[in-house]
Each structure stands twice: as structure tokens, then as C-alpha cells.
Amino acid sequence: MHSGGDSRFDERAQSIFTRLRERPLTILIWGPGEGSPAFTKRSDLKRELRAEFPSAEIHFSEDEQARLLTRDKFLYIHQEEFVHACAADIIFALDTAKGVGEEIAKYSTYAEIASKLVVLAHARWKGVGSYAEDVRVPLRVHWYPDDDFDNCNLAKLICKKYVWGWLLQHYGHNL
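Residues numbered from 1 in each chain as written. Predicted model: local features only at pLDDT ≥ 70, side-chain atom pairs only at ≥ 80, totals over all residues. Heavy atoms only, no water.

Draft legend 1. Molecular detail of the packing of aromatic side chains. Inspection of every chain in the model, using the stated rule, returns 7 aromatic pairs. Note on Trp30 and Tyr107: the rings are 5.5 Å apart at their centroids and 40° apart in plane angle, and the pair reads as tilted. Taken together, the residues Trp30 in strand S1 (residues 26–30) and Tyr107 in helix H5 (residues 98–107) connect sequence positions 77 residues apart. A single burial state applies to Trp30 and to Tyr107, both of which are buried. A ring pair is formed by Trp166 and Tyr171, whose centres lie 6.1 Å apart and whose planes are at 75°; its orientation type is edge-to-face. For the pair shown, Trp166 and Tyr171 are each scored as buried. An aromatic cluster is built from Phe17, Phe53 and Trp164, whose rings are joined through pairwise contacts. Against the face of Phe60 rests Arg42, its NZ or CZ located 3.8 Å from the ring centre. (Phe/Tyr/Trp six-rings, centres within 6.5 Å; stacked < 30°, edge-to-face > 60°. Helix = DSSP H or I, 4+ residues; strand = E, 2+ residues; numbered from the N terminus. Buried < 20%, exposed > 50% of the residue type's maximum accessible area, 1.4 Å probe, protein only. Lys NZ or Arg CZ within 6 Å of the ring centre and 35° of its normal.)

Draft legend 2. View of the pairing of strand S4 (residues 117–122). A large share of S4 lies buried, amounting to 6 of its 6 residues. Side chains Leu117, Val119 and Ala121 project from S4 onto one buried face, and the interleaved Val118, Leu120 and His122 project onto a second face that is buried too. Both strand S3 (residues 90–95) and S4 contribute to a ladder of 5 bridges, which runs parallel. Among the inter-strand pairings, Ile91 is bridged to a residue of S4, identified as Leu117. Pairing analysis gives 5 bridges linking S4 to strand S5 (residues 140–144), with the strands arranged parallel. Residue pairing across strands places His122 opposite Tyr144, the latter belonging to S5. (Pairing = 2+ DSSP bridges.)

Shown next as C-alpha cells:
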């Protein structure tokens, strides 16, 4: 039996990862804005996803590129954000600010958005019987503990694994 990193199995698996990494994908990340201390978590998540998936387009709704496409077409930001959400393949919601909670509550009522929404929420809200928790029940929610709040490592890991799974689900038949 062969062991080590140069086996045919290893080569084939690496080839699959390379081909998946090259596939088109658009990711939208909702989260706290630039004025929030938690904005760095959102920026870190974007940077990590870009490093892992260089072919992916990764946006925040407030990015200039996204806003240039929509600001002249609508009166309201929520209409722009709706278009951004519809245009994305995956939406990660870093649920650390009031505005993100409102986006989750508003847009998760649309099946086409709820189906691609992944919520990353603090474990302190799990099992408390609140409206905010109730809205998230039908969604994909990943809870992170207090000790992960500052570094956001669990959220980064969950997001990367989710993207790999999405790519395999959508492009695996062509490998």
C-alpha cells in the first residue's frame, strides 16, 4: 500500500480541488458596516474567502462596484440590496449588528434568498426564545461561541467549508 502525498488518489483529489476553485461563484457578505468594531471580522472573512477561492467574486452590498450597478435604478437601499442578494450564489450574514438582523428578517422571507443564506450568529442568542431566534429557525444558522467572537476563526472555517460544498454540489457532475 502506498502512503504519502504523491499517490494517484492524492493527485486526482488535488485536481478536483483545482478545478472547483476555478469555477465561477459570486458571494455576498452581509455584516456590520465600516463604523463598527466588528467590521474587521467581515473584512477578514472576505480576505480569507478570496485567498481560498481566487476565482470567486466576493462583495459587500455597500461596495462601490455593487452600488454603481443599482443606485441609479432604485429609490431605496433595500431594493438595491434585494438585487444584490438575488445576484449572489451564496450570502453569508455575519449576524453581529442590528442592520444585519434586519436584513436577515426582511430578505429571508424570499425563498430564492433564504435558500442561499448562511447565518453566522453568536451562541448567546441560541435557545433564548426571542423573535430574532425565531426568524432564523428555518435558515442555515451556524452558532459561534464567545471565545470565537474576536478572531472569527470558526466563522471563517464554516464559510470555507460551505463554499467547497456548494462548488461540489453545483459543479461536481462535471469533474
